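# Notes for the structure review
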Amino acid sequence: MPPASPQPRHAETALGYKWIALSNTTLGMLMATVNASIMLIALPDIFRGIGVNPLQPGNTTLLLWLIMGYLVVTAVLVVSFGRLGDMFGRVRMFNLGFALFAFFSIMLSVTWLHGTSAAWWLIGMRILQGVGGAMLMANSSAILTDAFPSNERGMALGLNQVAGIAGSFIGLVLGGLLGPINWRFVFLVSVPFGVIGTVWSYLKLQERGIRRPAKLDWWGNVTFGAGLIAVLVGITYGIQPYGGHTMGWTSPLVMSLIGGGLAVLAIFCVIETRVAEPMFRLALFKIRPFTAGNLASLLAGPGRGGMMFILIIWLQGIYLPIHGYSFERTPLWAGIAMLPLTVGFLIAGPVSGYLSDRFGARPFATGGMVVAAASFGLLEMLPVNFVYWEFAGILLLNGIGMGLFASPNRAGIMNSLPPERRGVGAGMSATFQNSAMVLSIGIFFTLIILGLASSLPATLSHGLAAQGVPSADAAKLAALPPVSIMFAALLGYNPIKMLLGSAISKLPASHAAYLTGHTFFPSLISAPFHHGLDIAFDFAIIACLIAALASLLRGRRYVHDEHGQATDEETRAVAADSPVGASMAENSTAHDSTAHDSTAENSMARAVALASAGDDLEGGQGGVGRVGDPASAGGDLAQRR
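Residues numbered from 1 in each chain as written. Predicted model: local features only at pLDDT ≥ 70, side-chain atom pairs only at ≥ 80, totals over all residues. Heavy atoms only, no water.

## Remarks on the environment of Leu 84
- Relative to the elements of secondary structure, Leu 84 occurs in helix H2 (residues 60-88).
- Expressed as a C-alpha distance, the spacing of Leu 84 and Asn 139, which sit 55 residues apart in the sequence, is 9.6 Å.
- Leaving out residues up to four positions away in the same chain, Leu 84 has contacts with Gly 89, Met 93 and Leu 216. (Helix = DSSP H or I, 4+ residues; strand = E, 2+ residues; numbered from the N terminus. Contact = heavy atoms within 4.5 Å.)

So, in structure tokens, the structure goes:
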């Protein structure tokens, strides 16, 4: 069936509509990503509000699922919603996502339950809120790509991408501000923006993309969802203790989930090569800029996502308490201390996106990953009790590096896609990015816990004994799973008073006050934490350098609209240089109507053939690019036309 034609342009001019699309989709991305991180800082207030102690045995699961549930569901569903957007309309899916997100934000704030029941209610509503978030993430990039000409997409996608990533850090500050006032405000803050965005998108956004009605790939959706959920859930439970082990990676449940999930994903890949209308277009990976961009994004994700958790633990659990901040105040000030990272994103993202429209994504995305790797090296050189201006300068550098990478990389991915595949392609890209976030939590938490486990028990036992704690009580605390200590630092808790219990009353008043004060617990865990920190930063450096290499291999600037389809202008340009191109021009003119009715498969085949030229693709500045040898390119296009 030929693709449906896009709707005609309405009263707004193309110039006016593109800014409407940018502002609306950016609001959606900002709201979705703010909510992905706003709970991290507000978790202590939320748990106090519902009457749950997250450090008690068994409650670690609640803590992890409140953090991970939203991330898991968005990672799983973005491809399906991107595919549905290609079939039924990207704006339609985006509008529904706004409405769902606003509704479940209300439901999160109105729970009447208490204790663990309230925690499971919040987890369930967060998962459903993630459904709306996945609809927003899956279609925003495709809507922008449809609205903007190719020579402005880098700037537009850059602003959208920077808003999305900056939202992750803005959420930290908002959570620290709103949580102490009332934990329900953490969720209610999204409601007015969700309502405004829903009404605005329904009234103003237009379906300008190419819709291609098709059958839904049920088997593909089921196997992809089941396989990815199993892997991500396995990672979630792998962080938790198992039996006498520090973590659960050797648990039969975890091994079965991850192994079984990977097997189901392998079956999914086989299915996608055999069904007529697959949800996951594996053929898109033959387009080198698309593959290289997504690989770079997958590798950059662990560095960006894991760093957020590491910095929160570092600031809330160690640095701020040592400098006199009460544990109740550390969440807010941790968010404020990380603002230079957001500033770096806001400076570099739009600028690099604008410049990538002229010079291509490769120099900026590759350079950004190198800068990010250098910043991780500088962070590793800092002492745990650092000088703040040095820390802030390195965070600014890291934000600039990530901003240099994110905007051009997203523009490079979206520019490489045929118009009728932009929804599913954007969904595939978002899947890699969101899965990388969950993966990064598993990797960085594991590395930090391994670092703590190597020296924390002995350090904790000797430190408590030196303050007069009976050896039996000190040994009991030293045997606690390191994950409990790490979560205490993540939440900004001082767990010593709770863990010692009645043993505190048997100590001299001065010793008891010191043990439960600002400095004992942070000073105790700083050395073991620094060991784990070094391992985690080493991993981040390696991941960023490999991402830089993947970005370098993407080739020069490639835009499907210019290179992947034989327009009349391209035909004449190639004909001027090649007899075969002249033949293509004659054929194109004679069969112009047939060319407009060509199927999406032929369009994508042309994209694959030309994008595989990689380094031979020249950027130009919105004009017709040169594709390797014009004669062979023109001949290939003529044959396909």
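## Quick word on the packing of aromatic side chains
- On inspection of all chains with the given rule, the structure shows 18 aromatic pairs.
- Ring centres of Trp 314 and Phe 537 lie 6.4 Å apart, and the angle between their planes is 50°; this geometry places the pair in the tilted category. Of this pair, Trp 314 sits in helix H10 (residues 288-322) while Phe 537 sits in helix H20 (residues 520-552), and the two are 223 residues apart along the sequence.
- An angle of 50° between the planes, with centres 5.7 Å apart, marks the rings of Tyr 325 and Trp 333 as tilted. (Phe/Tyr/Trp six-rings, centres within 6.5 Å; stacked < 30°, edge-to-face > 60°.)

## Re the side chain of Ser 352
- As for its position among the elements, Ser 352 is in helix H12 (residues 339-359).
- You can call Ser 352 buried: its relative accessible area is 1%.
- If sequence neighbours within four positions are ignored, Ser 352 has contacts with Phe 364, Gly 403, Leu 404, Ser 407 and Pro 408. (Buried < 20%, exposed > 50% of the residue type's maximum accessible area, 1.4 Å probe, protein only.)

## Quick word on the nonpolar core
- If you look at the biggest cluster of nonpolar residues, it comprises 171 residues, and the most contacted ones within it are Leu 122, Trp 314, Leu 315, Met 369, Phe 376, Phe 391 and Met 486.
- Not counting residues up to four positions away in its chain, the partners in contact with Trp 314 are Tyr 319, Leu 379, Leu 382, Pro 383, Val 384, Phe 386, Phe 391, Phe 529, Leu 533 and Phe 537. (Core = buried A, V, L, I, M, F, W, Y, C linked by side-chain atoms within 4.5 Å.)

## Considerations on the packing of helix H3 (residues 90-109) against helix H7 (residues 190-204)
- Look at H3 against H7: their axes get within 8 Å of each other, and the N-to-C directions meet at 160°. Compared by their axis directions, H3 and H7 come out roughly antiparallel. In this structure, H3 meets H7 at a crossing whose hand is left-handed. The residues of H7 that touch H3, namely those facing Phe 94, Asn 95, Leu 96, Phe 98, Ala 99, Phe 101, Ala 102, Ser 105 and Ile 106, are Ser 190, Val 191, Phe 193, Gly 194, Val 195, Gly 197, Thr 198, Ser 201 and Tyr 202. (Axes fitted to C-alpha atoms, helices over the stretch in contact; angles between N-to-C directions. Parallel < 35°, antiparallel > 145°, perpendicular 65-115°, else oblique. Left-handed = near helix turned anticlockwise from the far one by under 90°.)

## Thoughts on a nonpolar patch on the surface
- Nonpolar side chains collect at one region of the surface, where Ile 181, Phe 185 and Leu 188 lie side by side and expose about 270 Å² of accessible area between them.
- Relative to the helices and strands, Ile 181 is located in the loop between helix H5 (153-178) and helix H6 (185-188).
- The exposure class of Ile 181 is exposed, given its relative accessible area of 58%. (Patch = residues over 30% accessible without salt bridge, like charges linked within 9 Å, V, L, I, M, F, W, Y side chains within 5 Å. Areas by Shrake-Rupley, 256 points an atom, 1.4 Å probe, with all protein chains shown as cover. Salt bridge = Lys/Arg side-chain N within 4 Å of Asp/Glu carboxyl O.)

## A short note on the packing of helix H13 (residues 362-381) against H20
- In contact at an axis separation of 8 Å, H13 and H20 are set at 165° when each is read in the N-to-C sense. Between H13 and H20, the crossing angle belongs to the class labelled roughly antiparallel. In the crossing of H13 with H20, the sense of the turn from one axis to the other is left-handed. When H13 is examined against H20, the residues Arg 362, Ala 365, Thr 366, Met 369, Val 370, Ala 372, Ala 373, Phe 376, Gly 377, Leu 379 and Glu 380 are found in contact with a partner set consisting of His 530, Asp 534, Phe 537, Asp 538, Ala 540, Ile 541, Cys 544, Leu 545, Ala 547, Ala 548, Ser 551 and Leu 552.
- Taken together, the residues of the contact of H13 with H20 break down into 15 nonpolar, four polar and four charged. (Nonpolar A, V, L, I, M, F, W, Y, C, P; charged D, E, K, R; others polar.)

## A word on the pattern of salt bridges
- All told, the structure shown has two salt bridges when counted by the stated rule.
- With a closest N to O distance of 3.1 Å, Asp 45 and Arg 48 form a salt bridge. Remark: Arg 48 and Asp 45 occur in helix H1 (residues 14-50); sequence separation between them is three residues, near one turn of the helix.
- When its relative accessible area of 14% is taken as the criterion, Asp 45 is described as buried.
- The class of Arg 48 is partly exposed, set by a relative accessible area of 48%.
- Among the ionic pairs, Asp 146 bridges to Arg 90, the shortest N-O distance being 2.6 Å. Residue Asp 146 is located in helix H4 (residues 116-147), and its partner Arg 90 is located in helix H3; the two are separated by 56 residues in the primary sequence.

## Side note on H7
- Over its 15 residues, H7 runs 21 Å from end to end, which matches the ideal 21 Å to within 8%, given 1.5 Å per residue.
- Those residues of H7 that sit buried are Ser 190, Val 191, Gly 194, Gly 197, Thr 198 and Ser 201. Looking down the long axis of H7, one finds its buried residues gathered within 130° of arc, a one-sided arrangement. Opposite its buried face, H7 presents the exposed residues Ile 196 and Leu 203, each directed more than 90 degrees away. (Expected span 1.5 Å × (residues − 1). Arc of directions from axis to C-beta.)

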